[in-house]
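# Report on the structure
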Amino acid sequence: MQLDTPLSALMGIGPILLSRLKKLNLNTVEDLLNYYPFRYEDYSHISSVMQAQSGEKLTLSGEVWSIGNTYTKFRKVLTKAIFNDGSGPIEIIWFNQPWLIKSITSGDKLQISGKIKKTRSKIQIISPQWEKLQAFSNQQYNIHTGRLVPVYSETYGLTSKWLRAKISQLLPNMLPKIIDYLSEEVRQDMLSLPEAITQIHFPANLDEAKNAYQRLAFDELFLIQLATLRQKASWQNKTTTYPIEINSVKLDQFINDLPFRLTNAQLRVIKEISHDLSQGTPMNRLVQGEVGSGKTVVAAAIIFLTYLSGLGSVVMAPTEILAFQHYQTLDKLLGPYGIQIGLYTGSKKFTKQNIKPEVIVGTHALLSDQLSLANIGLAVIDEQQRFGVEQRTKLRHKAKVPHFLTMTATPIPRTVALTLYGDLDLSVIDELPKGRKVVRTYYVPESKRADSYRFIENEVKNGSQVYIITPLIEQSETLLSAKAAKVEFERLSKDIFPKLRLGLLHGRLKSKEKEKVIADFKLHNIDILVSTSVVEVGVDVPNATVMAIEGADRFGLAQLHQLRGRVGRGEKESFAFLFAEDSTYPAISRLKNLEKIHDGLQLSELDLQIRGSGQIYGTMQSGSWELKIASLTDLNLLEKTRNFAQKILQASPNLDKYPQLKAKLTKTLAEVMPD
Ligand code: ADP
Ligand code: MG
């Protein structure tokens, strides 16, 4: 057997188990060894029935005297056993496992671990872990009892018990085959890889578990750092086909002609970008700025510079709504200079007067082969979390290595910038245009729901407009979310606001329909727009002053912050109301952060702490690079791994001096970014 032996080749793994394993992305023996526990149950306290205290977690060794199934009043099956360790008998109860009587018979010598329940009349242990006593089993050591017992994430019907047994069975044969790809200089005093893998599953004590964690978390981040730094280097080694000259006189003129004064942050970021453009290597820069910080006008200034150099630009937006909005904005800003703007989306492919446009705004339809992107010096990608690396690569090939300017409103904690975004240079617009007001935000308990509807009605009477956001049902816009939005729209139209004009917006509408709804909202033909979170990145309506968000507990804090940024864009005071489905304390206190904190970066840091990094950033940038063990909040480890990665790449840019590490990296990359 080898590390890459498929699990289907193992004894005792049938099609059902195999399909469950596959769902967890466990395909080979190695995958299984790398499926780490997320916690341990501490059953290392060995005791006796006589000494056992109620509530105590402990381990007992002894003999089964009797065992049998009985039924409760409610026809539930209980398995009851009497167990004696020599100091006295104890009753064992298992629920809903009638098959146990086939595995355990009276006279069996077992070790059991669980929690003691003691009343005046009897002593019990409920649903303990159990296994044959060491002397009577063929295992080298206990795995389910009498130790720190690994607990695995049990999705898709794979039990921890099964995983434990399988992994412990595989470990002895596989350990010699595990190659430690870290060189001595990097590994230093950390555990070897085989040691770490053994101890993460079956640590003798918490120190062993901690040491194993440290080694494995190091590896995970180290590999990401190597990958992103190498990507960055390969980018910088290219010479762009399109050097852009900076005409600062005309740039100043453009800036002076704007209807507002740019903030210092905007000016600084324009300068940072200009510096990149004037280099001989292609730019790859990410501009991060809160909703409303004015990223579009920064992009417009850069597009203007590109145009002055005789080159075209493409602007790629995640939705048709947003593409259309950019098209309008850029036409307004750049049209006066005689620059032609074209629009290219799935449903619309036009350019003004059919002249070859100097700027093409579109959706991912821009990537289609029908459109030729010759002479494109700059690619602007807006709201980048919606695009993966693949699209960027495709665009890069199509347009012959243009300069890349990526823009996002998603605040990126420093730790994340250092890892998942490590291949990009980062510019932050950390200042809002003057006069922006914070959106006054309230968590609204059910008892106050009616009041908030009355408030909304009043705002509408005073000439304002309102968004009502329906819950996030799944990660992306699905049929289900669309349906939920429709139901809510009907309820609100009929029961709550029968006299007001309501509109409905969701991702399943045809783009024509979407545009019509948005146009109607902009023209104030609609008072209340009921919408899924598709408005998150689109729609700019300064007259909207209230946003009510249903099921706010389903959203991340940074995402809620982005959503509420749709209001507060005009002169009037604006409000966000948060309704939650889960009204327990942790959910509410999480939401209440939005009442106090109005800084997107701070909120995203909180998200990172509360919800973990995997689900938030895992799929954002680096394909499906989900962290299995390391945490993106660990700045120390991030910096350490980055330093080592830099050192290693300096010594050997292609990693040729480190063939084992190179092989590991190649393999990992193939897994996280197939293709
Ligand atoms: P975002 O960063 O969210 O993409 P936009 O570029 O859409 O923000 O800008 C939001 C609004 O702010 C637009 O109406 C834009 O014209 C305006 N704006 C941008 N920069 C400034 C500024 N320096 N002063 C005043 N208004 C500005
Ligand atoms: Mg924007």
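What counts, and where the lines are drawn
- Residues numbered from 1 in each chain as written.
- Chains lettered and ligands numbered in written order.
- Predicted model: local features only at pLDDT ≥ 70, side-chain atom pairs only at ≥ 80, totals over all residues.
- Heavy atoms only, no water.
- Buried < 20%, exposed > 50% of the residue type's maximum accessible area, 1.4 Å probe, protein only.
- Helix = DSSP H or I, 4+ residues; strand = E, 2+ residues; numbered from the N terminus.
- Pairing = 2+ DSSP bridges.
- Near = heavy atom within 4 Å.
- Polar contact = N/O pair within 3.5 Å; in protein donor to acceptor, adjacent residues only side chain to side chain.
- Areas by Shrake-Rupley, 256 points an atom, 1.4 Å probe, with all protein chains shown as cover.
- Nonpolar A, V, L, I, M, F, W, Y, C, P; charged D, E, K, R; others polar.
- pLDDT = per-residue confidence, 0-100.
- Contact = heavy atoms within 4.5 Å.
- Phe/Tyr/Trp six-rings, centres within 6.5 Å; stacked < 30°, edge-to-face > 60°.
- Axes fitted to C-alpha atoms, helices over the stretch in contact; angles between N-to-C directions.

### Side note on the pairing of strand S19 (residues 528-531)
- Neither face of S19 is exposed, since Ile528 and Val530 on one face and Leu529 and Ser531 on the opposite face are all buried.
- For strand S17 (residues 465-469) and S19, the ladder comprises four bridges, and the chain directions are parallel. Within S19, the residue paired with Ile469 across the bridge is Ser531.

### Thoughts on the site of ligand 1
- In the vicinity of ligand 1 there are 16 residues, among which Arg261, Gln266, Gly292, Lys295 and Thr296 approach most closely.
- At a separation of 2.9 Å, a nitrogen atom of ligand 1 approaches a polar side-chain atom of Gln266.
- In the model, an oxygen atom of ligand 1 is placed 2.8 Å from a nitrogen or oxygen of the Lys295 side chain.
- Relative to its unbound accessible area of 570 Å², ligand 1 is 75% covered by the protein chains.
- By residue class, the composition of the shell around ligand 1 is four nonpolar, six polar and six charged.

### Details of the confidence of the model for the protein
- When pLDDT is averaged along the protein, the result is 87; 93% of the residues meet or exceed 70.
- Note on residues 613-624: pLDDT under 50 across the span, and 42 contacts to partners over four residues away in sequence or across chains.

### Focus: the packing of aromatic side chains
- Considering all chains together, one arrives at 13 aromatic pairs under this definition.
- Note on Phe254 and Phe304: the rings are 4.9 Å apart at their centroids and 20° apart in plane angle, and the pair reads as stacked. A residue pair is termed long-range when its members are at least 10 positions apart, and Phe254 in helix H8 (residues 248-257) and Phe304 in helix H10 (residues 295-308) qualify at 50 residues. When sorted by exposure, Phe254 lands in the same class as Phe304, which is buried.
- Taken together, a centroid distance of 5.5 Å and an interplanar angle of 75° make the contact between Phe455 and Phe577 edge-to-face. Placement of the pair is Phe455 in helix H14 (residues 449-461) and Phe577 in strand S21 (residues 575-578), with a sequence separation of 122 residues.
- On the accessibility criterion, Phe455 (29% relative accessible area) is partly exposed.
- What makes Phe577 buried here is its relative accessible area of 7%.
- Taken together, the ring pairs connect Phe218, Phe222 and Phe644 into an aromatic cluster.

### Re the sheet that holds S21
- Pairing is parallel across the open sheet formed by six strands, whose spatial order is S16-S21-S20-S17-S19-S18. Two strands bound the open sheet, and with one partner strand each, they are strand S16 (440-443) and strand S18 (502-505). The sheet shows a mean angle of 15° between the axes of neighbouring strands, direction not considered.
- As paired elements, S16 and S21 share four bridges and run parallel to each other. Considered in S21, the bridge of Tyr443 is made with Leu578.
- Sitting on the sheet, helix H18 (residues 585-596) touches S16 and S21, and the angle it makes with S16 is about 165°.

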